[in-house]
Amino acid sequence: MRAILFGGGLSLLISLLGTRYAIRFFTRQGFGQPIRDDGPTTHHVKRGTPTMGGAVIVLATVIGYLAAKLITGQAPTASAMLLLFLLVGLGGVGFLDDFLKVSRQHNLGLRSRAKMIGQTVVAVVFGFLALSPALEDERGWTPASHHLSFIRDYERFTLPTIVAILLIWVIVTGASNAVNLTDGLDGLATGASILVFAAYTLVNIWQNSQSCALEAGPKCYEVRDPLDLAVVAAALTGACFGFLWWNASPAQIMMGDTGSLALGGAMAGFAIMTRTELLLLVIGGLFVVITLSVMIQVSVFKVSRASGLFRSIFKVQPGYRVFRMTPLHHHFEMLGWEQVTIVIRFWIVTGLAVATGLGLFYAEWVAGVG
């Protein structure tokens, strides 16, 4: 437990101080954020705001975790190192995308195909290692499993390794892109991520206290290294808190794809290694809704242009848009909501989603032992 406190506290301090330095450094280097010309006009004042601040979150998390392990005299575990690999790997893909944007001073960085290739390489390597027998502990547990999970594995169906890796790829790329879509208003993605990582800190602490490695029972958890995963979750929570101090409206720095891809990948990693893959859809409900808003907008727009039958049934014009603009937070901007109002209300939605997810997680355990 001391490592959790050290990891969270050190990451908070490093991020709080490091972000201030990053603002000065990126400003001197001219690493300002390009703004979409077709986006809300209120965002044009943000042009030139330093970006790639997510690098501070990633570094603060890694340093905070490793320092906490050094202070407590504990060795890093395979699960934690794999999660950090996912964080750093996807952060690296995002950093390359951000760097191309600021160097070209254009909102287009990596092409979508190149970005997806980078995400795929990181996700597949993570999945292969997480399922590898080489990383089994003395109980034969690997960091990830060959089962789909909600609050624990569905043992009835065992997925072939290639299918399990494909599932991991879907979760990792889906979560990282979802956070990337959410990162559109000052402090929105950062604040929502804090709540999700705090939830996984609690989930991992509880799984450790009820681990099958300590006492076998009908509702114990077969999760490898849950306490060390809690250290990483606490470090991420602290790092995001420190960054939010400078990222809150009006933001003095943006996390960029460096941060959003890394944070989304970390959420996916926690879901996979805590055996709560489908529960992430509840805990990360805000990210799911925002992603669905984009999918609905694009799908309806294309179908309404291509299908006369669709237009006649729903009485819409070609190129119909369900929302005024997506992702969803931009729709509310176009309705005249203040950015701060949108961010706070979306944080509230995230808090409700997290509370619901944790409630389901605990209720499942209570129902099983009652």
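As a reminder, the structure under discussion sits directly above these lines.
No experiment lies behind these values; they were computed from the predicted model shown.

1. Considering the environment of proline 250
Alright, step 1. For proline 250, the position within the fold is in the loop between helix 7 (226–247) and helix 8 (256–273).
Alright, step 2. Of the residues examined, proline 250 reaches a relative accessible area of 66% and is grouped as exposed.
Alright, step 3. For the pair proline 250 and alanine 123, spaced 127 residues apart in sequence, the C-alpha separation works out to 34 Å.

2. Focus on the pattern of salt bridges
Once their charged atoms are close, side chains differing in charge can pair, the charge on each being opposite to the other.
Alright, step 1. Per the stated rule, a full pass over the model turns up 11 salt bridges.
Alright, step 2. One salt-bridge network, held together by shared partners, links Asp97, Lys101, Lys115 and Asp257.

3. Remarks on helix 5 (residues 161–182)
Alright, step 1. If you check helix 5, its first and last C-alpha atoms are 32 Å apart, about what 22 residues at 1.5 Å a residue would give, namely 32 Å.
Alright, step 2. Considered for burial, the residues of helix 5 that qualify are Ala164, Ile165, Ile168, Ile171, Val172, Thr173, Ala175, Ser176, Ala178, Val179, Asn180 and Thr182.
Alright, step 3. Looking at the buried positions of helix 5, the neighbouring elements they touch are helix 3 (78–104), helix 4 (112–131), helix 6 (188–209), helix 8, helix 10 (285–306) and helix 12 (328–334).

4. Focus: a nonpolar patch on the surface
Alright, step 1. A grouping of Phe85, Ile117, Val121, Val125, Phe128 and Leu129 is seen on the molecular surface, where their side chains present a nonpolar patch of about 510 Å² in accessible area.
Alright, step 2. When residues of the nonpolar patch are assigned to their parent elements, the largest contribution, 5 residues, is made by helix 4.
Alright, step 3. With respect to the helices, strands and loops of the structure, valine 125 is situated in helix 4.

5. Observations regarding the packing of aromatic side chains
Alright, step 1. As enumerated under the stated definition, the model contains 11 aromatic pairs in all.
Alright, step 2. Seen from their ring centres, tyrosine 221 and phenylalanine 361 are 5.6 Å apart, and the 10° between their planes marks the pair as stacked. Residue tyrosine 221 is located in the loop between helix 6 and helix 7, and its partner phenylalanine 361 is located in helix 13 (residues 339–369); the two are separated by 140 residues in the primary sequence.
Alright, step 3. Geometrically, the ring pair formed by phenylalanine 310 and phenylalanine 314 is tilted, given 4.7 Å between the ring centres and 40° between the ring planes.

6. A few points about the side chain of asparagine 204
Alright, step 1. Relative to the elements of secondary structure, asparagine 204 occurs in helix 6.
Alright, step 2. In this structure asparagine 204 comes out as buried when scored by relative accessible area, which is 0%.
Alright, step 3. Within the local environment of asparagine 204, its side chain forms a polar contact with the backbone oxygen of tyrosine 200, the two atoms lying 2.7 Å apart.
Alright, step 4. Those residues in contact with asparagine 204 that lie beyond four places of it in its chain are Pro226, Leu227, Leu229, Ala230, Phe270 and Thr274.

7. So, the packing of helix 4 against helix 8
Alright, step 1. At a minimum axis separation of 12 Å, helix 4 and helix 8 run at an interaxial angle of 30°. By the criterion of interaxial angle, the relationship of helix 4 to helix 8 is roughly parallel. Considering only the axes of helix 4 and helix 8, their crossing is right-handed. Across from Lys115, Gln119 and Phe126 in helix 4, the residues of helix 8 making contact are Asp257, Leu261, Gly269, Ile272 and Met273.
Alright, step 2. In terms of residue class, the contact of helix 4 with helix 8 is made up of 4 nonpolar, 2 polar and 2 charged.

8. Considering the packing of helix 6 against helix 7
Alright, step 1. Contact geometry of helix 6 with helix 7 gives a least axis separation of 8 Å together with a crossing angle of 160°. It follows from the interaxial angle that helix 6 and helix 7 lie roughly antiparallel. The handedness of the crossing between helix 6 and helix 7 is left-handed.
Alright, step 2. For the contact of helix 6 with helix 7, the residue count by class is 16 nonpolar, 9 polar and no charged.

Basis of the calculations
Residues numbered from 1 in each chain as written. Predicted model: local features only at pLDDT ≥ 70, side-chain atom pairs only at ≥ 80, totals over all residues. Heavy atoms only, no water. Helix = DSSP H or I, 4+ residues; strand = E, 2+ residues; numbered from the N terminus. Buried < 20%, exposed > 50% of the residue type's maximum accessible area, 1.4 Å probe, protein only. Salt bridge = Lys/Arg side-chain N within 4 Å of Asp/Glu carboxyl O. Expected span 1.5 Å × (residues − 1). Contact = heavy atoms within 4.5 Å. Patch = residues over 30% accessible without salt bridge, like charges linked within 9 Å, V, L, I, M, F, W, Y side chains within 5 Å. Areas by Shrake-Rupley, 256 points an atom, 1.4 Å probe, with all protein chains shown as cover. Phe/Tyr/Trp six-rings, centres within 6.5 Å; stacked < 30°, edge-to-face > 60°. Polar contact = N/O pair within 3.5 Å; in protein donor to acceptor, adjacent residues only side chain to side chain. Axes fitted to C-alpha atoms, helices over the stretch in contact; angles between N-to-C directions. Parallel < 35°, antiparallel > 145°, perpendicular 65-115°, else oblique. Left-handed = near helix turned anticlockwise from the far one by under 90°. Nonpolar A, V, L, I, M, F, W, Y, C, P; charged D, E, K, R; others polar.

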